[in-house]
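Residue-level listing of the chains:
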Amino acid sequence: MQAPGFPRTELHRHLDVSIRLSTLHALAQDRGLVAASTSLAAFSDQILIREPMKDLASVLGSFKICQLVLDRPEVLERVAHEACEDVRAEGTSAVELRFSPTFVGEFGKLSWSDQLDAFEAGIRRFRDSLGPTESFDAGLICIVSRDYGVEAAEETVDFFLKNEGRFIGLDLAGNEIGFPNRMFEGAFARAKHAGARITIHSGEALGPETIWSAIEGLGARRIGHGIAAVRDAELMAKLRSDDICLEVCPTSNWLTQVVPSLEAHPLPQLLRAGVPVCINTDDPTLFGNNLPHEIDISKRFLRLTDAEVSLCFEHARRASFLPQSACP
Ligand SMILES: [Zn+2]
């Protein structure tokens, strides 16, 4: 692993898809989801997406295994603790971890409150293990999942508002096609009214108009991915003037075929146009990536200079929903 060059802040990492592969393998075997004879290497081949995906169906099995193993409080506690260990080992000092209560709870019996208690406990245990001079902070973002529909979205916002002090922000994620932002305006209006810090997955699979609706219709202060902004000069000016940061995830965008190749990724163009952008991992369990890897490919394939990489982390620090004192 690349040695940490400077303190980093990561804004976009899905906790429910950040399960260490060795842990996922052991948990899946324990539950009979894979044969006891399946090696970690064979299991990794089954789970990891190494080439651009042909279709969404090809990764649904990997998502489902993550959902099926997140079935007990002690598992969620362990996953959150290990995610913090991994993030820290990558040289990150402040991380925002997000999870979707509807996604985690889809097949199991864990209540949303039990999920939140367990994830928080894992983060707390990690923090408590650090020495007094070690600086590390992690915060949780609550995800509203588009694919479960408007009623579930309203319930998720209720859950978020009830536990607002325990989350640092609210997100909308999932399939943009078929579940447009306008469906969720009512739910997000309530969160916005309550002063929630909002980030919205948009401008990933669809065009810049979805970023406009995330900002104007849903109150987004940051955008997950948002790379379609590069096609709209007026939108880039808006992102610049309102300091709305794009949480860019290069490997994710390549593997989900949002960009044709890493070399063609628009992150450098956005950055050089003065748009606040930062570098993130998205779903480490599926992509087998980490933040040092994203930095490495940003330099090698996207051709960012060291100074430009540093600027991305400056953007992340400034845009973080964590207390500014926590961000290096
Ligand atoms: Zn994401």
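Residues numbered from 1 in each chain as written. Predicted model: local features only at pLDDT ≥ 70, side-chain atom pairs only at ≥ 80, totals over all residues.

One can find Gly178 in the loop between strand S4 (169-173) and helix H8 (185-193). You can call Gly178 exposed: it has 9 C-beta atoms within 10 Å. (Helix = DSSP H or I, 4+ residues; strand = E, 2+ residues; numbered from the N terminus. Buried ≥ 20, exposed ≤ 12 C-beta atoms within 10 Å, placed from the backbone.)

Our focus in this paragraph is the sheet that holds strand S5 (residues 198-202). Pairing is parallel across the open sheet formed by eight strands, whose spatial order is S1-S2-S3-S4-S5-S6-S7-S8. Where the open sheet ends on each side, the last strands, each with one partner, are strand S1 (8-14) and strand S8 (277-279). On average, each strand axis in the sheet is inclined to that of its neighbour by 25°, with strand direction left out of account. Direction of pairing for strand S2 (residues 92-99) relative to strand S3 (residues 137-145): parallel, over a ladder of six bridges. The residue of S3 that forms the bridge with Glu96 is Gly139. Of the strands in this sheet, S3 and S4 touch helix H7 (residues 149-162), which is tilted by about 155° from S3. In the packing of helix H14 (residues 291-300) onto the sheet, the strands contacted are S1, S2 and S8, and the crossing angle to S8 comes to about 120°. (Pairing = 2+ DSSP bridges. Axes fitted to C-alpha atoms, helices over the stretch in contact; angles between N-to-C directions. Contact = placed C-beta atoms within 7 Å.)

Relative to each other, helix H1 (residues 21-30) and helix H2 (residues 40-47) sit at 100°, their axes nearing to 10 Å. When the interaxial angle is binned, H1 and H2 end up roughly perpendicular. When H1 is examined against H2, the residues Leu21, Ser22, Leu24 and His25 are found in contact with a partner set consisting of Leu40, Phe43, Ser44 and Ile47. Here the residues of the contact of H1 with H2 sort into five nonpolar, three polar and no charged. (Parallel < 35°, antiparallel > 145°, perpendicular 65-115°, else oblique. Nonpolar A, V, L, I, M, F, W, Y, C, P; charged D, E, K, R; others polar.)

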